[in-house]
Amino acid sequence: MNGIYLLLGSNIGDRLDNLKTAIDRLGSHNIVVIDESSVYETAPWGEQDQSWFLNIVLQIDTPQNEADLLTSCLQTENEMGRVRNEKWGARIIDIDILYYHDTVMDTESLIIPHPGIATRRFTLIPLAELCPNELHPVLHLSQAELLLNCEDPLDCKLTEFTL
């Protein structure tokens, strides 16, 4: 994998504005957006009795290491009012580190690559849009191959929204 990729999602309030605000706030943490996927509207994962999400994948550049990037992502979520009441619950913003180049790590606070990549269409569809031929550093399959093999039945629809 060549690059650092984040997944952003929101299903509370003005979802599109929440994504824009998160990107702006990440910029204040010395995170530069190199490329972005289209915006997708996706069925909620896990807890299904909630509003649909808007999701986007960003390719970023930052001098931060993995742990510092996680801190910046969590600070951005907190600044925007993210409350963690329940796993897979509704959220104003969610920022996940998907890949950090070819880094493979599993600590108490951070797992890279993100363990849900291969099982979630709302992650794979925008990744396959941005970097279809980049290989997962553990599974050794491209993003396009992972998407072809993904059994997630939840809807993930391309929107006309732009950031």
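Residues numbered from 1 in each chain as written. Predicted model: local features only at pLDDT ≥ 70, side-chain atom pairs only at ≥ 80, totals over all residues. Heavy atoms only, no water.

1. Side note on the packing of aromatic side chains
Summed over the entire model, instances satisfying the criterion amount to two aromatic pairs. Ring geometry for Tyr5 against Tyr99: centres 6.4 Å apart, planes inclined by 85°, an arrangement best described as edge-to-face. Taken together, the residues Tyr5 in strand S1 (residues 4–10) and Tyr99 in strand S5 (residues 94–100) connect sequence positions 94 residues apart. (Phe/Tyr/Trp six-rings, centres within 6.5 Å; stacked < 30°, edge-to-face > 60°. Helix = DSSP H or I, 4+ residues; strand = E, 2+ residues; numbered from the N terminus.)

2. Some thoughts on a nonpolar patch on the surface
Residues Val104, Val138 and Leu139 make up a contiguous nonpolar surface patch of roughly 250 Å² in combined accessible area. With respect to the helices, strands and loops of the structure, Val104 is situated in the loop between S5 and strand S6 (105–106). Judged by relative accessible area, Val104 falls into the exposed class, the value being 53%. (Patch = residues over 30% accessible without salt bridge, like charges linked within 9 Å, V, L, I, M, F, W, Y side chains within 5 Å. Areas by Shrake-Rupley, 256 points an atom, 1.4 Å probe, with all protein chains shown as cover. Salt bridge = Lys/Arg side-chain N within 4 Å of Asp/Glu carboxyl O. Buried < 20%, exposed > 50% of the residue type's maximum accessible area, 1.4 Å probe, protein only.)

3. Overview of the packing of helix H1 (residues 15–27) against helix H2 (residues 66–79)
Closest axis-to-axis distance for the H1/H2 pair is 10 Å, and the angle between their directions is 130°. Judged by the inter-axis angle, H1 sits oblique to H2. Crossing hand, H1 versus H2: right-handed. In this structure, H1 uses Ala22, Arg25 and Leu26 to contact H2, whose residues at the interface are Ser72, Cys73, Thr76 and Glu79. Grouping the constituent residues of the contact of H1 with H2 by class yields three nonpolar, two polar and two charged. (Axes fitted to C-alpha atoms, helices over the stretch in contact; angles between N-to-C directions. Parallel < 35°, antiparallel > 145°, perpendicular 65-115°, else oblique. Left-handed = near helix turned anticlockwise from the far one by under 90°. Contact = heavy atoms within 4.5 Å. Nonpolar A, V, L, I, M, F, W, Y, C, P; charged D, E, K, R; others polar.)

Taken by themselves, the reported measurements are silent on function.
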